[in-house]
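Understanding the architecture of this molecule
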Amino acid sequence: MEVIWSAKARITYFKVLDYLQKSWSKKEMIQFSDKTEIIIRTLAKNPFIFVASSKQPTIRKATIDKNNSLFYQVDEKDQKIYLLTFFDNRRNPEKVKVD
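Before going into details, it helps to say that this report is about the structure given with it.

Each value, and the rule that gives it
Residues numbered from 1 in each chain as written. Predicted model: local features only at pLDDT ≥ 70, side-chain atom pairs only at ≥ 80, totals over all residues. Heavy atoms only, no water. Pairing = 2+ DSSP bridges. Helix = DSSP H or I, 4+ residues; strand = E, 2+ residues; numbered from the N terminus. Contact = heavy atoms within 4.5 Å. Axes fitted to C-alpha atoms, helices over the stretch in contact; angles between N-to-C directions. Phe/Tyr/Trp six-rings, centres within 6.5 Å; stacked < 30°, edge-to-face > 60°. Buried < 20%, exposed > 50% of the residue type's maximum accessible area, 1.4 Å probe, protein only.

Thoughts on the sheet that holds strand β2 (residues 51–52)
Two pairing modes exist for strands in a sheet, parallel and antiparallel, and in both the strands are linked by backbone hydrogen bonds. The strand order β1-β5-β4-β3-β2 describes an open sheet built from five strands, whose pairing is mixed. Of all strands in the sheet, those bounded by a partner on one side alone are β1 (2–5) and β2. In this structure, β1 lies alongside strand β5 (residues 80–88), joined through four bridges in parallel fashion. Residue pairing for β5: W5 is matched across the bridge by L83. Together, β1, β4 (68–75) and β5 form the strand contacts of helix α1 (residues 7–23), whose direction differs from that of β5 by roughly 40°. Sitting on the sheet, helix α2 (residues 26–45) is in contact with β1, β3 (59–65), β4 and β5, with an inclination near 145° to β3.

Shown next as structure tokens:
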């Protein structure tokens, strides 16, 4: 399946990288980037591997590490996976906005 990055996914991805650069080290940035790439490759092969949201069943959540998750949507008809947003797991999950 083709993977499509939304504008919000790009913005939130780079926000995580910026935070890691300012607060941690290059090692953590590389780890996050590598884990994200692995998850995206996994999604392309098996898009339903991660859990669907109980509130919005068309949206799925992939945990990248203990602090970050990726929300995405699968369009089986068009054979596309839409990356919606990255989310800091330490925040209130009620505040996830995927639109």
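Focus: the packing of aromatic side chains
Each pair of aromatic rings is reported with the distance of its centres and the angle of its planes. Taken as a whole, this structure holds seven aromatic pairs when the rule is applied. Ring plane angle 80° and centroid distance 5.3 Å describe the contact between W5 and Y13, whose orientation is recorded as edge-to-face. Judged by relative accessible area, which is 24%, W5 ranks as partly exposed. Overall, the relative accessible area of 11% leaves Y13 in the buried class.

Observations regarding the environment of M29
Mapped onto the fold, M29 is located in helix α2. Sequence separation between M29 and Y19 is ten residues, and the spatial gap between their C-alpha atoms is 9.0 Å. Each residue touching M29, except ones within four places of it in the same chain, is listed here: L17, L20 and Q21.

Some points on unusual backbone geometry
Within the chain, Q79 stands out as a residue other than glycine whose phi angle is a positive 55°. Within the secondary structure, Q79 is located in the loop between β4 and β5.

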